Amino acid sequence: MTQTILDVRGIGPAMQITLAKHGFVTLGDLANTTVEKLIITPGISEIKATQVIADARNLVSATISDANISSSNTKDKKDKKDKKDKKNKKNKKNKKDKKDKKDKKDKKDKKDKKDKKDKKDKKDKKDKKDKKDKKDKKKSK
């Protein structure tokens, strides 16, 4: 919520108009002035000027503090979201890496199995041929 001069204790609509005529339009104008400058305004005593300036400074300080807290909260939320996004991205990459690794292993296992089968088939074929040759040799004797 934006604070205005009307939020300062003792300042009503009529005094707001009077202050504006003397160059005090915003809370910052009141917060950054001196008692000597403010008492020139009709209806403002030295005591009231001191109180108005103190209240304006408190309101400005609270507004800045609220803005910093809001900004900090927004930054915290953004940091958390960035951290979560980074974690999700890392998890996706890890899952992809695991899948790629598994696919690579499966492909290697399949190739090894095929090579082993081919080797066995070749050996069986050779054994069969050797057996036939042996048989033929025996027959020819």
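Residues numbered from 1 in each chain as written. Predicted model: local features only at pLDDT ≥ 70, side-chain atom pairs only at ≥ 80, totals over all residues. Heavy atoms only, no water.

1. With respect to the side chain of Asp-55
Structurally, Asp-55 is set in helix H4 (residues 46–140). Overall, Asp-55 belongs to the buried group, its relative accessible area being 9%. With sequence-adjacent residues up to four places away left out, Asp-55 is seen in contact with Val-8 and Arg-9. (Helix = DSSP H or I, 4+ residues; strand = E, 2+ residues; numbered from the N terminus. Buried < 20%, exposed > 50% of the residue type's maximum accessible area, 1.4 Å probe, protein only. Contact = heavy atoms within 4.5 Å.)

2. Regarding the environment of Leu-59
Here Leu-59 is to be found in helix H4. Given the relative accessible area of 17%, Leu-59 is considered buried. Considered as a pair, Leu-59 and Gly-28 are 31 residues apart in the sequence and their alpha carbons are 9.4 Å apart.

3. Description of the confidence of the model for the chain
The pLDDT averaged across the chain works out to 83; a share of 87% of its residues lies at or above 70. Here H4 is the element of the chain with the lowest mean pLDDT, 79, and helix H3 (residues 35–38) is the one with the highest, 96. (pLDDT = per-residue confidence, 0-100.)

4. Looking at the nonpolar core
Burial of nonpolar side chains together is a common tendency in soluble globular proteins. Ranked by size, the top nonpolar core spans 16 residues in total, and within it Val-8, Ile-11, Leu-19, Leu-30 and Leu-38 carry the most contacts. Mapped onto this core, the elements with two or more residues apiece are helix H1 (13–21), helix H2 (27–31) and H4. Considering each element in turn, this core owes the most residues, five residues, to H4. Residues in contact with Leu-19, not counting those within four places in the same chain, are Ile-5, Ile-11, Phe-24, Leu-30, Leu-38, Thr-41 and Ile-44. (Core = buried A, V, L, I, M, F, W, Y, C linked by side-chain atoms within 4.5 Å.)

5. Considering the pattern of salt bridges
A complete count under the given rule lists ten salt bridges for this structure. The salt bridge partner of Lys-117 is Asp-121, with a shortest N-O separation of 3.1 Å. Of the two residues, Lys-117 and Asp-121 are both situated in helix H4; the distance of four residues between them amounts to about one turn of the helix. For Lys-117, a relative accessible area of 52% corresponds to the exposed category. Given the relative accessible area of 36%, Asp-121 is considered partly exposed. (Salt bridge = Lys/Arg side-chain N within 4 Å of Asp/Glu carboxyl O.)

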